[in-house]
Structures are given as C-alpha cells and as structure tokens.
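So the chains spell out like this:
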Amino acid sequence: MNGKKVDLMSDNMDKKELTEKSETQRIILPDPTRLILSPSPHIQTGPGTGKIMLLVIACLAPAIVASLMFFGLHALRVLVITTASCAAFEYLWNRISGRKSTLNDFSAILTGILLAMNTSSLTPAWVCVAGAFIAIIIAKQIYGGLGQNPFNPAAVARIAMLTGAAGAMTRFPAPNSIFFAPIPDALTTATPLGAAESFSAMGKGVEYFNSSAFLWRAFIGETSGSLGETSALAILIGGIGLIALRIIRWHIPVSIICTVAVFVSLVNHFSPGTTPGVLFHLFSGGLLLGAFFMATDMVTSPVTVKGGIVFGIGIGILVCVIRIYGSYPEGMSFAIVLMNALVPLIDKVCYIRPFGHQNIKSGRIEPRRGEIK
Amino acid sequence: MKIFRFKGGFHPAGHKELSAGRMVKDLPLLPRYTVMLRQNVGAPPQVCVKKGDHVEKGSCIATAAGILSVPLHSPVSGTVGDMVTVPGPNGTAVEALEIFSAPAEEQKWDGTLAPIDEWRDTSAAILKKRILDAGITGMGGAAFPTHVKLSPPPEKVLDTLILNGAECEPFLTSDDTLMRLHARAVLTGGAIAAKILGITEIIVGIEENKNEAVSAMEQAAWGIPGVNIAVVPLPVKYPQGGEKQLIYALTGRKVVLGTLPMDVGCAVLNVGSCYAIWDAVLNGHPLVERITTVTGTPVVSPGNYRIPIGASLSAVLENAGGIRERSNVGKIIFGGPMMGFAQYSLEVPVSKNTSGILLLERTEAAQFTGGPCLCCGKCVEHCPMQLPVSTLSKACENERYDLAQKNHVLACLECGVCSSVCPARRPNVQHFRKAKTELKEIQWKEKNKKI
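Our subject in this report is the structure included herewith. (Residues numbered from 1 in each chain as written. Chains lettered and ligands numbered in written order. Predicted model: local features only at pLDDT ≥ 70, side-chain atom pairs only at ≥ 80, totals over all residues.)

**Some details on the sheet that holds strand S8 (residues 93–101) of chain B**
Residues and elements named next belong to chain B.
Piece 1. Strand order across the open sheet formed by four strands is S2-S8-S7-S4, with antiparallel pairing between neighbours. Both edges of this open sheet fall to strand S2 (32–36) and strand S4 (54–55), since each of them pairs with a single strand only.
Piece 2. Two strands pair when backbone bridges link them, and strand S7 (residues 78–87) and S8 are joined in this way by eight bridges, in the antiparallel orientation. Residue Pro87 lies in a different strand from S8, and its bridge partner there is Ala93. (Pairing = 2+ DSSP bridges. Helix = DSSP H or I, 4+ residues; strand = E, 2+ residues; numbered from the N terminus.)

**Considering unusual backbone geometry**
Piece 1. Pro41 of chain A follows Ser40 of chain A through a cis peptide bond whose omega is -5°.
Piece 2. The topology assignment puts Pro41 of chain A in the loop between strand S2 (27–29) and helix H2 (49–96).
Piece 3. For the bond from Tyr238 of chain B to Pro239 of chain B, the omega torsion is -5°, close enough to zero to count as cis.
Piece 4. Relative to the helices and strands, Pro239 of chain B resides in the loop between strand S11 (228–234) and helix H6 (243–251).
Piece 5. Residues other than glycine seldom take positive phi values, yet Cys375 of chain B does so here, at roughly 55°.
Piece 6. Along the chain, Cys375 of chain B falls in the loop between strand S17 (356–361) and helix H9 (378–382).
Piece 7. We classify Cys375 of chain B as buried; it has 27 C-beta atoms within 10 Å. (Buried ≥ 20, exposed ≤ 12 C-beta atoms within 10 Å, placed from the backbone.)

**So, helix H3 (residues 107–117) of chain A**
Piece 1. With 10 of its 11 residues buried, H3 of chain A lies for the most part within the structure.
Piece 2. As for H3 of chain A, its buried residues are in contact with H2, helix H4 (125–138), helix H5 (153–164) and helix H12 (287–294) of chain A. (Contact = placed C-beta atoms within 7 Å.)

**Notes on the packing of helix H10 (residues 251–270) of chain A against H12 of chain A**
All names here are of chain A.
Piece 1. Here H10 crosses H12 at 155°, and the two axes come no closer than 8 Å. In terms of orientation, H10 lies roughly antiparallel with respect to H12. Across from Pro253, Ile256, Ile257 and Val260 in H10, the residues of H12 making contact are Leu287, Ala291 and Phe292.
Piece 2. For the contact of H10 with H12, the class distribution of residues is seven nonpolar, no polar and no charged. (Axes fitted to C-alpha atoms, helices over the stretch in contact; angles between N-to-C directions. Parallel < 35°, antiparallel > 145°, perpendicular 65-115°, else oblique. Nonpolar A, V, L, I, M, F, W, Y, C, P; charged D, E, K, R; others polar.)

**Thoughts on the interface of chain B and chain A**
Piece 1. Listed per partner, the contact involves 75 residues of chain B and 49 residues of chain A.
Piece 2. Listed by contribution, the elements that provide at least two residues to the side of chain B that touches chain A are helix H8 (313–319), strand S15 (329–334), S17, helix H10 (389–397), helix H11 (401–406), helix H12 (417–421) and helix H13 (428–450) of chain B.
Piece 3. Considering every element that reaches the side of chain B that touches chain A, the biggest residue donor is S15 of chain B, with five residues.
Piece 4. Residue composition of the side of chain B that touches chain A, by class: 41 nonpolar, 22 polar and 12 charged.

Dropping the structure here:
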C-alpha cells in the first residue's frame, strides 16, 4: 500500500465529529510523489509491437504444425536453424553496435520463422544461416532496424538464397516421404508449380493440375514445396486469424487473391492450356503465405487502405506474370520485393487528404517512409 | 435528420457507468479557496480587491483585461487573502488569489448582477454584457471566452447554433448529468445565445449512449418557444465532440483548414456554458461553480460533484471518499483520459474548464515508450483530421518542422487517437504539440520581421 493516510482533519469540522468519523473510516489520498506525469492521452488500446509479433507467430502455428506433419524432423531442423540464427544475428548486431537489445520485440524470431516457411526442408544448414544473415543484417539492420527497412527481410533472404544457392534451394522432398532418415535424391520431386511449368513447356496438357483430387492435396498441403507454403488450409486458418485479430487489414490479401484470380482466368480464357486454373494458382506455391503473412508486413506495405489495394493488385499481376511467362516457376517473393520498392510512391499517390482541405494546392502533402532526418 | 459520419476516430472503452446516473453531490464549505487568475484563453484578468477585503459569493475579484478576457468572481463569502503561487492544472506554477471562507451561516450571494427575467425583450448587447460580466468561458476544455464566441464579425452570417453535448471522452459524465437534470436550463441558455447571434436554429448533438439525456433534452425542447431545437443522437465515436467533427456530423459542412466554425455559418457552445448563461441571465449568478465528474476505479465514491472554482484537488478527493485501500494510483488527470492534463500535486485548484477529475491505476495509465514506427497505418486510419500521422510523427520527432508544416501538423486537434492506437507506443501528441509551438513561434518571428 502506498496511499498517504490523511485523517479527516478539515479545519471547519467539529472535534467530536472528527473522532467519530475517523473511527469508522479513514480517508486515503493518493501519494503525489508517486504520480506519473506525461502528456495526453492517458489510455492505450490494442496490442503493442511485441505482442503483435507474437500474435503473428501464433497465427503461423497451423502452418508450422502442417509442415512438421508433412516434412517431419527435417522441417524442424530448418525451422530451428533459421529462427535461432536470426535471433543470434539480431543480438550480435545490437551488441556490436552498442544498442539496446531488440530481441524482446520478437520481430527477428518472426523473420526467422517466415524464412523457414519459405525454404525447403532439404536446405543445408549453411544456406539457412546465410539466409538469416541476409534477412537480419543486410535487409533489416543496415537500414536502421525495425521500421526502417524498405524490403521484407524474409523475402529478400529467400531471393538471395534462391539465386545464390539455386541447386540446394530447389530440392524439394515429396511429402510424407521422410521423417528421420537422410533423404536419398530419388525421393525429391518437383513442386506443383515447377511440374506445371515443365508440363506446359513440353506441350503436355495441364488438365491433371485442375483435377479435384490434385487440388484437394494442394489444399491440405500434401504436395512438395517449402515448409509453410504447401498447406493452403493451414495458412488460411492463420490468415483469417490475423484479420479477425485486426493485426492486418484484409485489403492486401484479398486484392492479391482477386487479382490472381482475374489474371489467370483471363489467360485461360484467351489461350487455354497455357497454365492450370485459378484454384491451382491459389493453393500451390507461396501465394497464400505471401499474401497473408509477407505482403502484409506493416513496415513494408503502404500506410493507407487505398494504397494497400494498389499494392495488392501490383503483387497479383507481378506474380502471375512471373509464374506464367517468366523463367521461374514461382514469383511471390520477387513480386513482394518489387512492390516493396514502389511503396513510397504508392504512399505518395494514394494519400487521403486532410479533413477540410479545399484545393489540391493547400492539401498537398508529403508522406515519407523510413527514417526522416 | 441526416447524420454525417466523419472518417477516422475510434471507440475506446467508455467506463461511464462508474459515475453516471446519479444526482449531483455538493461539496461542503471549505475553509480556504485558491482562485487561479488565468482561467481563460487570452489575457488573465486584473485583481480588483486587496488583502483583507470582504467579498460575497459571486463578488467580482478581478476585472477583464482587454477583449479576450473575462472577469473572475469569488466562489464564497469571506475575506480576501494573499496572492499565492499554486501548481496549475497544466503543469506550470500559476498565480492564485486566496479567499478564506466566512462561517456557513454568513454565506450569501452578491447581488450586483440582477436577474433578467424578460430576456426575450432585452437587447442582445445587454445579454452579451451579462455573459461577459458573469465570467463565462467554454467549459469543455479550451476555456475560450464565450462572449467573444457570441460576437462574430458583422460580415459573417451565422445560421445554426450547435450545442455540444457529445461528451465523447471516456469516463466523463458531467455534461450527461447536466442535461439529465437541467435540460430546460441548458436549452434556455442555448436560446439566449441564439438570440444574441440572431438565429433560430439550434441543434443539440448528444452521443447515443446517453439515452436519458437525449430524452430529457427532447422533452425540454418542446417548452422553449421562438427557436427550432433539434436534439440529434450521434454515433458513439471519439472525437465526436471535436468542434469540426461535430459540425460535420450535424450539418455536413466541413470547416476548411485554417478557418473557423463561423466561416461555415455555425457557432458551437458546450452545454455547460449554456447552463452558465442561463444561470447568469435568469438568476444573476456569475460562474463560480461547475459540475465536475470525479471518477476512476480507485475512487471510493465516484460521481458528479458541484465544485466551487478554486477548491483544491485534495479537498475534492477527500469528499469523494478518497481512494480505495491497496489501490496504486498512477495518474491523476484534470479533464478526460484522451485530452486531459496529468497532475503532480494535490494542491491544484479546480478551474472553469475542469470537466473531470480522473484517477487511473498505475496499470491502466498509458506509458509511451516511443519504439520505432512500424508504418502500420493505424494512426492514419484513425486520425479524425486524416493527417499523415506516421510521417508527421517522425518529422516532428527529428525537428523537421518544414516537413511537418507541409503535412499540416497545424491542423492537428491533439485528440490523442493516434497515440492511443499506436502499437509502438509513440508519444505523437507530444511531438505535435512541440512542433505546433515551434512553428507558431517561427511564424510570429517572420511576421515581426516584416513589420
């Protein structure tokens, strides 16, 4: 108890009354020396940065569980290596540069988990560590740490790993094939996207990829691919959780999904057989993971709702172009990073005008991102 | 009547049930009052009494100094004491006049201001003079002198008087209580103000969580001839009671950046000020006491109290039963939790614009640690002025006032929504206040240079 006890010693009070009253109740006044002085407002709502990151990790839990179910201990190995090395690099950077530790905002842990979700369970350990280095040091801390990075760290790291260690990064195990044993090369298979691309390149039909049996396997995640991206179901559960918890706005994922749906339908309408159907594109590869968990990264997505829609449409178009016409079978991380680069421009164009502004001249504003000096 | 919804804003937990729905309790006579001199926007009034003078309740103790100033009155019959320095509600030490109370049986009103019963037949100039003489200021927050608000320049044509009963701040219920218990007086005060402005349209905006107040005001509206009164329930959304937001919600008119409500034909008065106008005109009582909400989870008996201006915070808290045992008070706030001022002393006197006294537990009180901005856009989404808050926050923090000005930091209401919703707990309002002060200083310097 820290309240200062004050008897009812008001001068205008009769002594008799005073003794009677102080027996029945003592009035406690707050101790002014322990009051907090700060400017308004005095109440807060909503979770803080650290809690938001933890909630995102919680929403990733279904995808993590699915990856462990389909890829076993190898998935766990990759997950542990990337997360631990991301946390370690974050700690080391803060230690060396003499800053306060930022591990308690959990953003490095989240980056590590997202990076694992984006890599194959067969990736060698050194590639995972190199990816973590790129994600934390090069894509985040060099720009000034959390909040200043223009590009999504996990997406940058994935691109670097994919281009730098292409062989190691594109060996994907078939689901349920391995749990403990080291994997013989024979058990690795192509991802659905890779298979579809080579099928259409060889002139074979892509009808197989539109069959309901195949789509069902892609939906629940029984295909080969990176850890977190195979199970559309698990990602949808987590993504809906993110929207329900109001951590992300629905505009970005919905506009990405709608754009992909429209683009793929148009391509299939005008040149049938080029690529499998809409559902195949949605359920395979990293599209849903990217749409719900990576494109919506607060630091690297536009500030306004309008901007978010433009951003989502841009990602949708880019990912379809790369998947259908590009040389890579999957283009989600490329699309996200390319659109990240456009975010400052989108912010500038899609800005809301201040309440009560009249003409463009008086309402012209200059939104900025990153550090302002 | 069509209600326009302003963009932005948010809906914090109300906590109004702590103090709502009860009668107004009176504070017993205190032995000593300290009346702050500077209680209004503009020049502080000049003291016109000296030590040892006898004053009655309502006697003028300081006269208006200039146009933007109002006189002050004694809250009690008694003897004038020294000029003392007391901690002021906004953190700085201020000058105050001490008044020692006479015994309870010698308390009486000063009769200098005679009641004006036939106010309908009285000229606007006399009524306006009465409002000035009664020392009435805005009682919601800024304490802008009411007679100045009721004297628009002749070229401005006003057509609507808006009575602000929104009371969108969480915890506060003083306006609600006033409207429930004194609806007729509030509306009569509004009608007097409308007569001064020469208009007949009155709109009362009340947030729809105050059902009783809405129905009391609707009933009372029938009994007031000569004006058209519309009582409009508004959606519950902070800051619904912001002047610009309220005008937009009720009329659909947008107050352009850098102009005043009178430019769109509106005048806005707080319901507390209307009650004070009624009291001054029909009873001849100057503004010496007000209804204030004393609330918060640590308070033993929260509620609405009629508090004489100049009563100290400690006296008010003692009469509200003090705080509960084992409560750990982190903040005492004059005003609401969104825009009020945190206090550091229990000697702060209540002033004309103290709409609430709020005690927060240490765990409830916000602490802004100021982490890095995530650009999440929550502040932009919720800003009632639609400002690029995330940009402004960083620009003002790093003293880029040129960039802040380009992004309209001067339009900021300081409503506190952006800080309240910020996941990084950035003290945005603090940065904006500093930037506004600096920018005004720069503008003032430039103006002087030209002359």
